[in-house]
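What the coordinates show
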Amino acid sequence: MRRSPKDTAESSRKITRRALMLGGAQVAIVATLGLRMRRMQLEQADQYRMLAEGNSVKIRLIPPARGLIYDRNGILIAGNEQNYRVTFTRDDADDVDRVVTDLRRLIALSDADTAALLEDIRKRPPTTPITVADRLPWDDFSRVAVNAPALPGVTPEVGLSRIYPRGADFAHVVGYVGPVSDYDLSRIENPDPVLRIPKFQLGKLGVEAKFEDDLRGHAGQRRVEVNSAGREMRDLGRQEGEPGENLQLTIDYKLQNYALARLGEESAAAVVMDVTTGDILCCSSAPSFDPNLFVRGISVKDYKTLTEDDHRPLADKTVQGLYPPGSTYKMVTALAALKDGAITPETTVRCPGHLEVGGRRFHCWKRAGHGPVNLVKSLEQSCDVYYYDLAQRIGIEKMSEMAQILGLGTRPDLPMSAVAEGLAPTKAWKQERYGKDWLIGDTINASIGQGYVLASPMHLAVMTARIASGKAVEPRLVRARGGVEIPAREAPELPLDAAWLAQVRRGMSAVVNAERGTARSSRVVMAEWKMAGKTGTSQVRNITAAERARGVIRNDQLPWNRRDHALFVAYAPVDNPKYAISVIVEHGGGGSTAAAPIARDILLFALNGGVPPLDAYPSAQRGRIRTQHETLDLVDPDSVSSDVKTRV
Amino acid sequence: MSYLESNLKTVPTGLSKVLYLNWPLVILLTAVASTGFLMLYSVAGGTLDTWAEPQMKRFAVGMTAMFIVAFVPIWFWRNISLAAYLVALVLLIAVEFFGAIGMGAQRWLELGPLRIQPSELMKITLVMLLAAYYDWLDVDKVSRPLWVALPVAIILVPTFLVLAQPDLGTAVMLVAGGGLVMFAAGVSLWYFGTVIALIVALVFGVLESRGTDWQLLHDYQYKRIDTFLDPSADPLGAGYNITQAQIALGSGGWSGRGFMQGTQSRLNFLPEKHTDFIFTTLAEEFGFVGAFSLLMLYAGIIAFCIHAAVVNRDRFSSLLTLGVGGTFFFFFAINMAMVMGLMPVVGVPLPLVSYGGTAMMILLAAFGLVQSAHVHRPR
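Residues numbered from 1 in each chain as written. Chains lettered and ligands numbered in written order. Predicted model: local features only at pLDDT ≥ 70, side-chain atom pairs only at ≥ 80, totals over all residues. Heavy atoms only, no water.

Overview of the overall build of chain A
- What chain A contains, in helices and strands, is 24 helices and 21 strands.
- Against the globule reference of 26 Å for 648 residues, chain A gives a C-alpha radius of gyration of 34 Å, more extended than a compact globule.
- Projected onto its principal axes, the C-alpha coordinates of chain A cover approximately 110 × 90 × 50 Å.
- With 648 residues in all, chain A has 53% of them scored as buried.
- A separation of at least 24 residues holds for 73% of the contacts in chain A among residues at least 6 apart in sequence. (Helix = DSSP H or I, 4+ residues; strand = E, 2+ residues; numbered from the N terminus. Rg over C-alpha atoms; globule rule 2.2 N^0.38 Å. Buried < 20%, exposed > 50% of the residue type's maximum accessible area, 1.4 Å probe, protein only. Contact = heavy atoms within 4.5 Å.)

Digging into the overall build of chain B
- Looking only at helices and strands, one finds 15 helices and three strands in chain B.
- Here chain B holds 379 residues, and the buried ones make up 56% of them.
- Once local pairs closer than 6 in sequence are excluded, the contacts in chain B between residues at least 24 apart make up 72%.
- Counting every atom, chain B has about 15,400 Å² of accessible surface; 71% of that belongs to carbon and sulfur. (Areas by Shrake-Rupley, 256 points an atom, 1.4 Å probe, with all protein chains shown as cover.)

Observations concerning the pattern of salt bridges
All names here are of chain A.
- Applying the stated criterion across every chain, the model contains 34 salt bridges over all chains.
- Measuring nitrogen to oxygen at the nearest pair gives 2.6 Å for the salt bridge that ties Arg143 to Asp140. Remark: Asp140 and Arg143 occur in helix H5 (residues 138-147); sequence separation between them is three residues, near one turn of the helix.
- Across the pair Asp384 and Lys330 runs a salt bridge whose closest N-O atoms are separated by 2.6 Å. Here Asp384 is found in helix H15 (residues 384-394), whereas its partner Lys330 is found in helix H13 (residues 330-340), with 54 residues between them in sequence. The residues Asp384 and Lys330 share a single accessibility class, namely buried.
- Through salt bridges with shared partners, one network takes in Arg66, Arg162, Glu208, Glu212, Asp213 and Arg216. (Salt bridge = Lys/Arg side-chain N within 4 Å of Asp/Glu carboxyl O.)

Focus: the confidence of the model for chain B
- With 86% of its residues at a pLDDT of 70 or more, chain B has an overall mean of 84.
- Per-element averaging of pLDDT across chain B places strand E1 (residues 100-102) of chain B at the bottom with 53 and helix H14 (residues 315-339) of chain B at the top with 93. (pLDDT = per-residue confidence, 0-100.)

Some words on the environment of B:Val26
All names here are of chain B.
- By the secondary structure assignment, Val26 is in helix H2 (residues 23-43).
- On the basis of relative accessibility, which here comes to 6%, the residue Val26 falls in the buried class.
- Distance in space between the C-alpha atoms of Val26 and Met63 is 9.0 Å, their sequence separation being 37 residues.
- Not counting residues up to four positions away in its chain, the partners in contact with Val26 are Met63, Met66, Phe67 and Gln371.

Remarks on empty space enclosed by the protein
- Overall, the coordinates contain one cavity of 30 Å³ or more when judged by the stated rule.
- At the level of elements, helix H1 (5-43) of chain A together with helix H13 (278-311) and H14 of chain B are the ones that each hand at least two residues to the lining of the largest cavity.
- Among the residues forming the lining of the largest cavity, the class breakdown is five nonpolar, three polar and no charged. (1 Å grid on protein atoms, 1.4 Å probe; cavity = no way out; pocket = protein on both sides within 12 Å on 5 of 7 lines; lining within 4 Å. Points joined across faces, edges and corners; volume = space filled by probe spheres on them. Nonpolar A, V, L, I, M, F, W, Y, C, P; charged D, E, K, R; others polar.)

Points about unusual backbone geometry
Residues and elements named next belong to chain A.
- For the bond running from Ala286 to Pro287, omega is -10°, close enough to zero to count as cis.
- Here Pro287 shows up in the loop between strand E12 (280-286) and helix H11 (291-296).
- The omega torsion across Ala572 and Pro573 is -10°, close enough to zero to call that bond cis.
- Along the chain, Pro573 falls in the loop between strand E20 (565-572) and strand E21 (579-585).
- Even without being a glycine, Ser382 presents a positive backbone phi close to 55°.

A short note on helix H18 (residues 440-447) of chain A
All names here are of chain A.
- Summarising burial for H18: six of the eight residues are buried, a large majority.
- Taken residue by residue, H18 has Gly441, Asp442, Thr443, Ile444, Ala446 and Ser447 as its buried positions.
- Turning to H18, the residues buried within the fold contact H13, strand E14 (354-357), strand E15 (360-363), H15, helix H16 (396-405) and helix H17 (427-434).

Quick notes on the domain arrangement of chain A
Residues and elements named next belong to chain A.
- According to the domain assignment, chain A consists of domain 1 (58-234) and domain 2 (259-299 + 316-478 + 491-631).
- In this assembly, 23 residues from domain 1 lie in contact with 20 residues from domain 2.
- Counting each side, the surface lost to burial between domain 1 and domain 2 is near 1,900 Å², with a carbon and sulfur contribution of 64%.
- Per-residue buried area on domain 1 facing domain 2 is highest for His172, Val173 and Tyr176; these three make up 32% of the total on that side.
- Our enumeration of links across domain 1 and domain 2 arrives at one salt bridge.
- Across the pair Arg72 and Asp279 runs a salt bridge whose closest N-O atoms are separated by 3.3 Å.
- Remark: the boundary between domain 1 and domain 2 carries four residue pairs in polar contact (both at pLDDT 80 or more).
- Contributing elements (two or more residues each) for the side of domain 1 that touches domain 2: strand E5 (154-163), helix H6 (167-174), strand E6 (177-179) and helix H8 (206-210). (Domains from an automatic or database assignment. Buried area = accessible area lost by both parts, 1.4 Å probe. Polar contact = N/O pair within 3.5 Å; in protein donor to acceptor, adjacent residues only side chain to side chain.)

Observations concerning the pairing of E12(A)
All names here are of chain A.
- For E12, the tally of buried residues reaches seven of seven residues, placing the bulk of the element in the interior.
- One ladder, built from six bridges, connects strand E11 (residues 268-274) with E12; its direction is antiparallel. Counted as the bridge partner of Ala270 is Ser284 from E12.
- What sits between E11 and E12 in their antiparallel hairpin is a turn of five residues, with Gly278 showing a positive phi close to 85°. (Pairing = 2+ DSSP bridges.)

Some remarks on the packing of aromatic side chains
Residue and element names in this part refer to chain B.
- In total, this model carries 33 aromatic pairs over all chains according to the counting rule given.
- Judged by centre distance (6.1 Å) and plane angle (40°), the rings of Trp23 and Phe67 are tilted. Separated by 44 residues along the polypeptide, Trp23 in helix H2 and Phe67 in helix H3 (residues 52-71) bring together distant segments of the chain.
- Through a chain of ring-to-ring contacts, three or more aromatic side chains come together here, namely Tyr298, Phe328, Phe329, Phe330, Phe332 and Phe367. (Phe/Tyr/Trp six-rings, centres within 6.5 Å; stacked < 30°, edge-to-face > 60°.)

Side note on the layout of surface pockets
All names here are of chain A.
- Here the second largest pocket defines a volume of roughly 1,700 Å³.
- As for the second largest pocket, its lining consists of 47 residues, of which Asp384, Gln450, Gln539, Ile543 and Arg548 are closest to the centre.
- Residue assignment for the lining of the second largest pocket shows that the elements contributing at least two residues are E15, H15, H18, strand E19 (532-538), helix H21 (545-550) and helix H22 (591-608).

Quick look at the structure:
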């Protein structure tokens, strides 16, 4: 239609012409390639053959020593130890089966291990060294080393491997390293060649993972001469790499150790924070696990034990665990109401033991009621009705705004894994999340830290530190990097009136020190270390009206996982706050009985820099405290320095 | 009704198409691929399952694809050219955002179980679209500036996307393949002359400006040029790969060291020995005889393509055949020139021999287009 036959014939001729020109150019290029081949392979073959024979210089990478991790006082938390291992390269071996049989006479290899090894050797590319045995005792290793000339393909190697001297104490904060996996490699853009060294260790979790780039260091190079079988003959020279940077954490080794021991068998967490610098001195989650197991490659059985434990040892409850904060949230509601002007510290609310809102009856924990209640008394005796009343006056948005000011509902900026954001709910949030309208009952629940409100122990520690200091302190985990001190940031003042904070602090002091305070039994009697705090008990189940009528079932009669969570937040000393603490005991029952005594012990340990003196406790409790301290498994502070520091 | 469709009656139909395939081409392709299996077996130290066996499976899939493509009439392929190009372009953009990282550059796209490399697909769809474009364009408009600008844009858009990955090898291939189709379509030689003159001027400028105030490249880029010009200057650093490749190649001699006897690849002196540098292993183990034979097999494939293009009177078919043949030519010529030190190292594999799935299957499918053009040619 468009194209006439003549047109086509002409264009066809043109294409033919151009095709022949192209063909000519291609012939010329092929001829060039052929001539180059001839020149290299025929004329210069002897020269290249000589180069090939003399081609005996290989470059080997020297893995860098991983940076060490220290506590705030320079005690080693994560170090490196010598690791003796034996690798096998199929390409260098003549008869794989014979070599493996000979090797089994020197080191213990089970039949199953041998089968797995042979399978590995068959599957991997022939030039990849395969680890036959790791962490060999020196005797086995030296036996292999002596016999190496008779075992082609077998290489005895000395490397460094990560070790965590008091592993379980720091497992959740520091995390652990493990051999680089194919999955790890696939996630990294331009992986450092050092990562391809077999069994090279990479941070998998926690600080080890977050500071991987700083801790790893840079590989060195070694030039070696090899013979025609590829075996190393001699070193020609080396260019040293750079070891990774050391890290110093804000964690206090001894305090961390004490806290974990004190939490004991409970499923619990404790966070201690410096109220002015934000330094995290202690961040313990119990029960813990031994990270060294993961470094060596954890067995299926051990892993199963860890994952099936209902106390969830692998989870870091301090930053990953989210709980309804219960009554520890009352400071938020109180400060929100004060800021709003809805109340003054003197405003009194009458507590008859319950409050009717929207046709529903909300109970105070004390059925008989507290009578007239003002701010200080409401905290001291943890009156719920007072807060129900405040909640109705100010609404949820003002409460959640205050929660944000105190650091709740925002993700703490910490180099730890899976740090939880928490939740300070708003109407918009519920609409978006559930597609439902916010109800007044939700506000009532939130006022005492139940319902949708969620916080981690880290959140609660930050909240307490902010109330105690009046400053917007941020938590901080790293003190120095590569030997360079990171200065603590000066925290800005909270946008809160000093008088309100003073009243809330008075209430918190009354909780512990006043005659009717909910945590009076956990008071400190030494004047300079007196503590202020707030108890919290958060329900994990609903109490029905029928049950309430019969009488609420007591915690100790419920199965463990249905019991209330026990919480306690505190700071000390009362007059000049230094440290803030939050403790949660999962399903521990009441905050005053399960959490407050633990918080007091840890806080006193922090203030004293060691096991607290008995003088600090009320005289009636001293006998019990003494036995308790005798049974704790603590590291001896003196042996810590000598034992641990010798390992490099 | 176009010229081609008027001659439909004589085009073979149904299974009889098998008889009209360009069988010598099929045999040559199989011979090249078999050389590849042999070399992959050798570099894996005498094991099949590392590289050789997966490669054989892909070859079987690619061959099947080639026959299916060959049986579909060529005018169908012409009609979907634009759509195919656009799909490849969208995938190329998608790879920018969702691509997996391979060897330091974003190249793969994971779609369920499929892992595709859109840049490989683009090499062929670009040639298809340009062939269709010149089939549509009146012959007397071919050299008018506006009608030259359009195909230049068609080439440059994917080229810049590929450069951003960054994949210099594929970018070079796209420009070369597209330029070749434009050349074959009869675009005035003045354009090509001008472009070549500009490139020469640029190279001159880059080299001359070194060390002056108006230096055009970074120092490290000049260092790479030095390495190319004299790899022995830094044999243990940047020039290591190319020095080792040349030693392996040259030491092959007349008949080579024998199958699986190559010491250089065995001792791991060679980099990327199963992908871009596989030719060195062949040259070391089978010597000049083996290396030159492979070169002749490749030349044979190109010769058959040019012959098929010349005898085919349909414009789209001719241009497509030349384009596919040309792309194939650039693959092996660039790769061989690179390992023999005639060109700087850019990542271009040896076609049908280097280990790699997408490239092989797409090349075979492209030869399916060549076969389809041959089977359905106007008679």
